[in-house]
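Inside the fold
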Amino acid sequence: MYTNLSRILHYNSAMDFLKLVQHRRSVRAYREDPVPPDLLTSCLEAARLAPSATNSQPWHFIVVTDTEVRSRIAELTRLPGSRMNAFAAQAPVIIAVVAEPPRLVTQIGALLQKTPFYLLDIGIAAEHLCLRAAEAGLGTCMIGWFDEKKVASLLGIPKGSGLHRRRVSLLITLGYPADAPREAKRKPLQSIVSYERYGGEGN
Ligand SMILES: Cc1cc2nc3c(=O)[nH]c(=O)nc-3n(C[C@H](O)[C@H](O)[C@H](O)COP(=O)(O)O)c2cc1C
């Protein structure tokens, strides 16, 4: 009872959610300052609490702070001849989000539904982490472009096989932003929402 009450009170005193969502941006320039361990833990805790299909929680987070390993990971995010992901080398923390094999029931459900639920789960957990980071004044950027094989080998991730295969689904850079966030570019609401049926009137 007390726990429930304190959860409600805490929720009501939290930062306005829509403001937080508006505030979060992908950060591609970082200060050198390290991320305080308690803030890092709170970001991971936010990810831990994410929902997932059949509550299978098919994720593992590898926190990399070692300078040498970070710079090797950063190299593996580059597209030769482009500036893409050059910022990754600056971030004081890189988190590799590993997709663990989901429970059998989830895998069967995903096969029948033809939807890779684990990727939805990973995306939600990653966004929880990024939103908590934004709330704490930290910046993040999800990185989906990287040499997965080499990152997995560098971080000693056991492959598994078949239904037990592990994937490195995402990297997330984390640190204090070095510059002001850019304006969000988003499609207008009326172009992405319909009511009652696809393309329906009233939007
Ligand atoms: C799954 C995923 C993969 C992404 N991969 C990259 C990436 O490799 N490099 C990068 O700079 N940004 C990457 N981003 C960030 C997006 O470019 C960014 O979220 C989008 O442009 C919207 O900007 P905002 O996050 O600042 O609102 C990725 C985002 C997601 C969700």
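Residues numbered from 1 in each chain as written. Predicted model: local features only at pLDDT ≥ 70, side-chain atom pairs only at ≥ 80, totals over all residues. Heavy atoms only, no water.

**Re the layout of surface pockets**
Where we set the bar: Detection works on a 1 Å grid of protein atoms alone, calling trapped sets that fit a 1.4 Å probe cavities and calling open sets with protein on both sides within 12 Å along at least five of seven lines pockets, with lining residues defined by an atom within 4 Å of a point. Grid points are joined across faces, edges and corners, and a volume is the space filled by probe spheres set on the points. Secondary structure elements are defined from DSSP: runs of H or I of at least 4 residues count as helices, runs of E of at least 2 residues count as strands, and each element is numbered from the N terminus. Residue polarity is assigned by list, with Asp, Glu, Lys and Arg as charged and Ala, Val, Leu, Ile, Met, Phe, Trp, Tyr, Cys and Pro as nonpolar; anything else, Gly included, falls into the polar class.
Taken as a whole, the second largest pocket holds about 310 Å³ of empty space. Around the second largest pocket, the lining is made up of 16 residues, and of these P102, Q107, Y118, L163 and R165 lie nearest the centre. Here the lining of the second largest pocket takes four residues from helix 5 (residues 104-113), the largest share from any one element. Looking at the lining of the second largest pocket, its residues break down into eight nonpolar, four polar and four charged.

**Let's talk about the pattern of salt bridges**
We apply this condition: Salt bridges are defined by distance alone: a side-chain nitrogen of Lys or Arg within 4 Å of a carboxyl oxygen of Asp or Glu. Burial classification: accessible surface area is computed with a 1.4 Å probe over protein chains only, and a residue below 20% of its type maximum counts as buried, one above 50% as exposed, and the rest as partly exposed.
In this structure the tally under the stated criterion is seven salt bridges. One salt bridge connects R31 with D33, and the closest N-O pair in it is separated by 3.3 Å. Its relative accessible area of 33% is what places D33 among the partly exposed residues. Here E45 makes a salt bridge to R48, at a shortest N to O gap of 2.7 Å. A residue pair is termed a helical-turn pair when its members lie 3 or 4 positions apart in one helix, as E45 and R48 do in helix 3 (residues 37-48) at three residues.

**Focus: helix 4 (residues 67-75)**
Owing to its 3.6 residues per turn, the α-helix brings residues three or four apart onto one side. For clarity, the threshold we go by: Note that the arc is computed from the directions linking the helix axis to the C-beta atoms. It only takes one pair of heavy atoms within 4.5 Å for two residues to be counted as in contact. We define a polar contact as two N or O atoms separated by no more than 3.5 Å, with the added condition that, inside protein, one atom must be a possible hydrogen donor and the other a possible acceptor, whereas residues neighbouring each other in sequence contribute only through side-chain atom pairs.
Taken as a whole, helix 4 has its buried residues at R70, I73 and A74. The arc that holds the buried residues of helix 4, viewed along the axis, is 100°, so those residues lie on one side. Contacts from the buried residues of helix 4 go to strand 1 (59-64), strand 2 (93-99), helix 7 (148-154) and strand 4 (167-175). With a side-chain oxygen positioned 3.1 Å from the backbone nitrogen of E68, the residue opening helix 4 is D66.

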